[in-house]
Every structure is written in structure tokens, then in C-alpha cells.
Amino acid sequence: MYHIMKRHQHLLTLLLAAALLLAACSPASSVESGPRAAAPAEIRYTLKTASDDGQLLFIGVGGEIDGQVNPDLQASVGDTVAITLVNDDGRFHDIVIDEFDAATPVFGGVGEEETVQFVVDQAGTFFYYCSVSGHRQAGMEGLLIVSAVE
Ligand SMILES: [Cu+2]
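Residues numbered from 1 in each chain as written. Predicted model: local features only at pLDDT ≥ 70, side-chain atom pairs only at ≥ 80, totals over all residues.

Please provide a residue-by-residue account of the pairing of strand β4 (residues 80–86), values included.
Side chains of β4 alternate between two faces, with Val81, Ile83 and Leu85 buried and Thr80, Ala82, Thr84 and Val86 left unburied. Sheet analysis places strand β1 (residues 42–52) next to β4, joined by seven bridges and oriented parallel. Paired with Glu42 across the bridge in β4 is Thr80. With seven bridges connecting them, β4 and strand β7 (residues 113–119) associate as antiparallel partners. Its bridge partner being in β7, Val81 is matched across the sheet by Phe118. (Buried ≥ 20, exposed ≤ 12 C-beta atoms within 10 Å, placed from the backbone. Helix = DSSP H or I, 4+ residues; strand = E, 2+ residues; numbered from the N terminus. Pairing = 2+ DSSP bridges.)

So, in C-alpha cells, the structure goes:
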């Protein structure tokens, strides 16, 4: 009798451990994280061009990216993203994101600006860069990070 009880106890412990393990592994659907369920927004970013010690760069203007070199740009699927590029060094530049067929014209006057606007229809991490020969290699490259939406 004692033996049977002992075995059952073991089994119970095992079952309990298995249940705990399963609970820990299964996705917690009620936890809010990651994808947001909200109406599409219009996201505006301004970047300026810069030449620095042989490097060519994009510099964030305003908001959270102000002063950042080649800042990460953030958006969510469905958003409209408008990127304004201000020429601040007088060289010819543009800004291009291949995956969204987004590009400004190439332009070169100091103080001139061009805006490209597009809808981000896929999640992922994408490069923005300057397509003028050699400029991407010289540093004009950053990331557009698009988050998924539930
Ligand atoms: Cu350039």
C-alpha cells in the first residue's frame, strides 16, 4: 500500500512539473507587446546631409533623432512615412529606399530640400541610403525599421 502511494506521488509530481513547463512555454496571448493595433499614422522625419572628414552622412533633424548620425527611422506597417532631406553640404545627394520604390531626386544646392513620401506595406528592416556614386560606401546609409501591426 505504502509503495503504491509513493508511486502515485511521484507521478503527480511529474505531471505537475510537466504542466508548469507547458505553461511556461506556451505563448501568453494576453500580454501586450510588440505589434500595435492602432490606426495608421503619418510619420515625418527630416534628415540633413553632412560631409565630415571624408565621410558623408545623414544627420537627424528635430524630434528624437535630432543630431543623430544615420539615425534609425521607425514606423509601423500601414503608416505613411515622409522623409525630408535637407542639403546642408552643397554636394549632390538623394535618399532612396529600394523596397518601397521611394526616392527623392538628386539635388545639390545648400538649403534645398526634397521630400519623399510612401506607405510602408511590409514589416522588416530596410536600408535608406544615398544613391550618388560612392556616397553609400562613404557612410550615407541608415535603417528604416517597420514594425508589424496586429
Ligand atoms: Cu550623397
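There's plenty left to go through after this.
Residues and numbers for the environment of Asp66, please.
Looking at the secondary structure, you find Asp66 in the loop between β2 (55–61) and β3 (73–76). Residue Asp66 is classed as exposed on the basis of its 11 C-beta neighbours within 10 Å. Distance in space between the C-alpha atoms of Asp66 and Tyr45 is 9.9 Å, their sequence separation being 21 residues. Here Asp66 is in contact with Gly60 and Val61, once residues within four sequence places are set aside. (Contact = placed C-beta atoms within 7 Å.)

Any chance you could break down the sheet that holds β7 for me, citing the residues and the numbers?
A sheet is described by the order of its strands in space; here four strands give the open sequence β2-β1-β4-β7, paired in mixed fashion. Across the chains shown, the open sheet's two edge strands, defined by having one partner strand only, are β2 and β7. This sheet shows a mean twist of 25° between the axes of neighbouring strands, independent of strand direction. (Axes fitted to C-alpha atoms, helices over the stretch in contact; angles between N-to-C directions.)

Which residues make up the nonpolar core, and what values do they have?
Leu47, Ala75, Ile83, Ile95 and Met140 are the most contacted members of the largest nonpolar core, which totals 21 residues. At the level of secondary structure, the elements contributing two or more residues to this core comprise β1, β2, β3, β4, β8 (124–129) and β9 (141–147). Apart from residues no more than four positions distant in its own chain, Ile95 is found in contact with Leu47, Ile83, Leu85, Thr104, Val116, Tyr128 and Cys130. (Core = buried A, V, L, I, M, F, W, Y, C linked by C-beta atoms within 7 Å.)

Residue-level account of unusual backbone geometry, with values.
It is generally the case that most residues other than glycine have a negative phi and that most peptide bonds are trans. In this structure, Asp53 is a non-glycine residue whose phi angle is positive, near 55°. Phi at Asp101 takes a positive value of approximately 50°, unusual for a residue other than glycine. With respect to the helices and strands, Asp101 occurs in the loop between β5 (96–97) and β6 (102–103).

Let's hear about the environment of Ile43: which residues, and what values?
With respect to the helices and strands, the residue Ile43 is situated in strand β1. Considering only alpha carbons, one finds Ile43 and Leu73, 30 residues apart in sequence, at a separation of 9.4 Å.

Explain the environment of Pro71 to me, and be specific about the residues and the numbers.
Counting through the fold element by element, Pro71 comes out in the loop between β2 and β3. You can call Pro71 buried: it has 20 C-beta atoms within 10 Å. Separated by 71 residues in sequence, Pro71 and Gly142 have C-alpha atoms that sit 6.2 Å apart.

Everything listed here is a matter of geometry and, on its own, says nothing about what the molecule does.
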